[in-house]
Amino acid sequence: MGFRLLPRFHARRTFRFGPLRLNVGADGLSWGLGAGRWSWNAKSRRHTVDTPGPGYWQSEGGRRSR
């Protein structure tokens, strides 16, 4: 069934301790660093930069899922 009346709910929470960020969700726990508009996630090894206006830039990450 491709039609969904309500959006799927994803329980996720981010705890911030200065530049350190702990992300807790259904996939488990991940941590990262953030400074200004730049952030890095250790689990996905992905860099994200918030660009002016709508949107953002995101790297592909270091680990490939096989």
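The structure reproduced in this document is the subject of the present report. Remember, it's a predicted structure, so these values are computed and weren't measured experimentally. (Residues numbered from 1 in each chain as written. Predicted model: local features only at pLDDT ≥ 70, side-chain atom pairs only at ≥ 80, totals over all residues. Heavy atoms only, no water.)

Of note, Gly61 is situated in the segment after strand E6 (56-58). Sequence separation between Gly61 and Trp40 is 21 residues; the distance between their C-alpha atoms is 9.6 Å. Contact partners of Gly61, with chain neighbours within four places excluded, come to Ser44, Arg45 and Arg46. (Helix = DSSP H or I, 4+ residues; strand = E, 2+ residues; numbered from the N terminus. Contact = heavy atoms within 4.5 Å.)

A separate point is the layout of surface pockets. One number sums up the size of the largest pocket: a volume of about 550 Å³. Around the largest pocket sit 23 residues that line it, and Arg12, Thr14, Asn23, Ser30 and Asn41 are the ones nearest its centre. Taken together, the elements giving at least two residues each to the lining of the largest pocket come down to strand E1 (12-17), strand E2 (20-25), strand E3 (28-35), strand E4 (38-41) and strand E5 (46-50). Looking at the lining of the largest pocket element by element, the count peaks at five residues for E3. (1 Å grid on protein atoms, 1.4 Å probe; cavity = no way out; pocket = protein on both sides within 12 Å on 5 of 7 lines; lining within 4 Å. Points joined across faces, edges and corners; volume = space filled by probe spheres on them.)

Its location among the elements puts Leu20 in strand E2. Taking the C-alpha atoms as reference points, Leu20 and Trp31, 11 residues apart in sequence, are found 7.3 Å from one another. Once you skip the residues sitting within four places of it in the chain, Leu20 turns out to touch Phe15, Trp31, Gly32 and Leu33.

None of the figures reported here should be taken as evidence of function without further support.
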